[in-house]
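# Fold and contact review
Residues per chain, in single letters:
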Amino acid sequence: KEITDAPILIIGSGYGGAVSALRLCEAGKKVVMLEMGLNWEKSGIPFSNMLKPGKSAAWLKKKTIAPFMNIFSLTPFTGTLDRMDFEHINIWVGRGVGGGSLVNGGMAVTPKESYFREVFPDLDAKKFYSTYFPLVHKELKVNVIGEQFLKDCPYYKFTRVGEAEAHKAGFKTIRVPNVYDFQYMEKEYKNEVPRSAFNTEVIYGNNHGKNSLDKTYLKKALDTGNLEILDLHCVDNIKLNDDKTYTLNVQQTDTSGAVVADKVFNCKKLILAAGTMGTLKLLLKSNATNNFPIHEQIGKSWGNNGNFMTGRNWVKPLSGGTGAKQSTIPVGGIDNWEDKEHPFFTEIAPLPMGMDVATALYLLINRVDKKGEVSYDSINKKLSLNWDQSNTAKMKENADYFIKKMNRANGGTRSHFLFNNGFGADVCYHPLGGCVLGKATNEYGKLNNHDNLYVLDGSLIPGTIGVNPFVTITAIAEYCIENLIRQNEFA
Ligand code: FDA
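Right, let's walk through the structure included here.

Conventions adopted
Residues numbered from 1 in each chain as written. Predicted model: local features only at pLDDT ≥ 70, side-chain atom pairs only at ≥ 80, totals over all residues. Heavy atoms only, no water. Pairing = 2+ DSSP bridges. Helix = DSSP H or I, 4+ residues; strand = E, 2+ residues; numbered from the N terminus. Right-handed = clockwise from strand over helix to strand, strands pointing away. Bend = angle between axes of the 7 residues up to and from the residue. Buried < 20%, exposed > 50% of the residue type's maximum accessible area, 1.4 Å probe, protein only. Contact = heavy atoms within 4.5 Å. 1 Å grid on protein atoms, 1.4 Å probe; cavity = no way out; pocket = protein on both sides within 12 Å on 5 of 7 lines; lining within 4 Å. Points joined across faces, edges and corners; volume = space filled by probe spheres on them. Nonpolar A, V, L, I, M, F, W, Y, C, P; charged D, E, K, R; others polar. Axes fitted to C-alpha atoms, helices over the stretch in contact; angles between N-to-C directions. Parallel < 35°, antiparallel > 145°, perpendicular 65-115°, else oblique. Near = heavy atom within 4 Å. Polar contact = N/O pair within 3.5 Å; in protein donor to acceptor, adjacent residues only side chain to side chain. Areas by Shrake-Rupley, 256 points an atom, 1.4 Å probe, with all protein chains shown as cover. Expected span 1.5 Å × (residues − 1). Core = buried A, V, L, I, M, F, W, Y, C linked by side-chain atoms within 4.5 Å.

## Points about the pairing of strand β1 (residues 2–11)
- Relative to strand β9 (residues 259–272), β1 runs parallel, the two sharing nine bridges. When the sheet's bridge partners are listed, D5 is paired in β9 with N266.
- Bridging between β1 and strand β2 (residues 31–34) involves four bridges; their strand directions are parallel. Directly across from I10, in β2, lies its bridge partner M33.
- On the question of chirality, the crossover connecting β1 to the parallel β2 by way of helix α1 (residues 15–26) is right-handed.

Encoded structure:
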């Protein structure tokens, strides 16, 4: 087996991994990053759009795995979108250099300060809102759509209809910032540049316009000359050595998923940034197979960030519905968070199907009243999740309230076209928690019971943050890595 020694290893190239890499590289450290997905930029393979799913559409699957309408066959390829299926919930994640930033909708939402304080009572919220969130907005290139463009552009009819209907039903709407470059979007509308958001590109990757991590944090980190990214390298398990260093068993694959090399990596310092589910799998599996020490809090306080999908059919069919042409980039949201009975936030989501299906799609984000727990099933060798309908009961009540209020004011029915009973309780885009900051780790993400292991990704957030999570994940990672470097953890 090929053996590589690296002083600092990072597993995963999503938000937590990318932030850690940049700040360590800037501090002059040599960093090796292992990513199981493909380096799409280097491969030169274009991303496919939603109407013509191809190589990038799914992680080693024979059929597409979007939340609905999976009518497309595929040749298995290490695509960008993966789905982990559990009995009561399906969890979508991004794979590839850039992690979830390759497949997500780019919605860059800062949590409400009051909720951030509630979720993280021990953090200095003032410092987050004055320093880390503004820093993250700058690094991620967060921007806002021009109101006049939004008003005029036929691709945003679904947003305009959604907002007008929400107002009629008595709800408050908000403009949602994004990392998609809206100046680029205005040019693509005029056909001055190739189309991406207006060409149904998003959950299988964007060829243009979107400032995913490979164009921001990772690019800056590579420019220092201190970062090496090894793609198609999947970490199978971790061992703790007597001298407190780590040994990783890694499989290098080709794009069909076949293993081309079994490798061993040794490191002094290890950063786990494999995303909530990836990090939990590595910790729990290594514990089950290698006696890897883990703290009792690992797997606890897991949540779906209150994700609950729902939709409405026959949305204003006579006035042309929600539009045949739809941008893939959401810019509108309904903010009902202050309602004591039914607190939720919802994205007015696009449904770019190439025809007007007069259907509105919503991804609700609720509080998570009842958290779940992740463990490892040693017999079937996979993660198991303690999560069922009781965890989403209140979310369903909120969705029902929302849909009924919208339909009463505007007409329409609950969408049986999109979901079996009109409710997608099992759709999760935002798995969070299981390795909570200050509980399973110290105050800066250093894992309890370890001297040289750090967790820096969505698993630090205790299952809920009230809005789409990547801005918060990035800010927490900035805060942790800044303090870890200051404490000479990587000296
Ligand atoms: P992230 O999941 O980004 O990265 C982890 C990386 O580690 C992946 O690249 C993975 O391949 C790699 N990895 C895992 N296991 C490994 C192993 N064993 N070996 C090597 N590599 C391994 N959020 C938001 O704020 N706004 C939005 O609009 C959306 N929209 C959205 C749409 C869709 C379809 C999805 C699936 C998700 C979103 N999200 C979102 C969620 C957001 O993308 C997500 O919360 C973050 O990407 C999580 O960041 P992390 O750093 O935790 O891990």
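## Focus: helix α4 (residues 125–140)
- Taken as a whole, α4 carries its principal kink of about 30° at Y132; the proline P134 stands between one and four residues after it.
- Buried within α4 we find A125, F128, Y132, F133, V136, E139 and L140.
- Looking at the buried residues of α4, the elements they touch are α1, α3 (113–119), α8 (217–223) and α11 (470–486).

## A word on empty space enclosed by the protein
- Taken as a whole and judged by the stated rule, the model has two cavities of 30 Å³ or more.
- Size it by volume and the largest cavity reaches roughly 40 Å³.
- What lines the largest cavity is F158, T322, Q326, I348, A349, T359, A360 and L361.
- Contributions of two or more residues to the lining of the largest cavity are made by β13 (344–349) and β14 (360–366).
- Across the lining of the largest cavity, the residue classes tally to five nonpolar, three polar and no charged.
- A volume near 30 Å³ is recorded for the second largest cavity.
- In terms of lining, the second largest cavity is formed by Y15, S101, N104, L140, V179, N211, S212 and F470.

## Brief notes about the packing of α4 against α11
- Packing of α4 against α11 brings their axes to within 9 Å, and their N-to-C directions diverge by 110°. Put simply, α4 runs roughly perpendicular to α11. Listed contacts from α11 to K127, F128, Y132, F133, L135, V136, H137, E139 and L140 of α4 are F470, V471, T472, T474, A475, I476, E478, Y479, E482 and N483.
- When its residues are assigned to classes, the contact of α4 with α11 shows eleven nonpolar, four polar and four charged.

## Things to note about the site of the ligand
- Near the ligand, the surroundings consist of 36 residues, among which E35, G100, M107, G458 and F470 are the closest.
- R95 is positioned such that a nitrogen or oxygen atom in its side chain is 3.3 Å from an oxygen atom of the ligand.
- V235 places a polar main-chain atom, nitrogen or oxygen, 3.0 Å from a nitrogen atom of the ligand.
- Coverage of the ligand by the protein chains reaches 94% of its 1000 Å² of free accessible surface.
- Where the shell around the ligand is concerned, the elements lending two or more residues are α1, β4 (90–94), β7 (233–240), α9 (275–290) and α11.
- Top contributing element to the shell around the ligand by residue count: β7, with three residues.
- In the shell around the ligand, the residues fall into 17 nonpolar, 16 polar and three charged.

## A closer look at the layout of surface pockets
- The calculated volume of the second largest pocket comes to roughly 370 Å³.
- In terms of lining, the second largest pocket is formed by 20 residues, of which the most central are F120, D122, L123, L437 and Y479.
- Among the residues forming the lining of the second largest pocket, the class breakdown is ten nonpolar, three polar and seven charged.

## Observations concerning helix α6 (residues 157–168)
- Over its twelve residues, α6 runs 16 Å from end to end, which matches the ideal 16 Å to within 8%, given 1.5 Å per residue.
- Once α6 ends, the next one or two residues include G170, with phi positive near 90°.

## Brief notes about the pairing of β4
- Among the five residues that make up β4, five are buried, leaving the element largely enclosed by the rest of the structure.
- Of the two faces of β4, the one holding N90, W92 and G94 and the one holding I91 and V93 are both buried throughout.
- Across five bridges, the pairing between strand β3 (residues 81–85) and β4 is antiparallel. Within β4, the position partnered with D82 by the bridge is V93.
- The antiparallel pairing of β3 with β4 creates a hairpin that spans four residues between the two strands.
- In this structure, β4 lies alongside strand β19 (residues 427–428), joined through two bridges in parallel fashion. Opposite I91, over in β19, you have C428 as the bridge partner.

## With respect to the nonpolar core
- Residues I91, Y156, M185, I238 and L248 are the most contacted members of the largest nonpolar core, which totals 160 residues.
- When residues of this core are assigned to their parent elements, the largest contribution, ten residues, is made by α11.

## A word on the side chain of N305
- Of note, N305 is situated in the loop between β10 (302–303) and β11 (307–313).
- Taking the relative accessible area as the measure of exposure, N305 reaches 0% and is therefore buried.
- Looking at N305, its side chain comes within polar contact range of the main-chain oxygen of V467, at 3.0 Å.
- Ignoring any residue separated from it by four or fewer positions in sequence, one finds N305 in contact with I365, N366, V368, H430, L432, G463, T464, I465, G466, V467 and P469.

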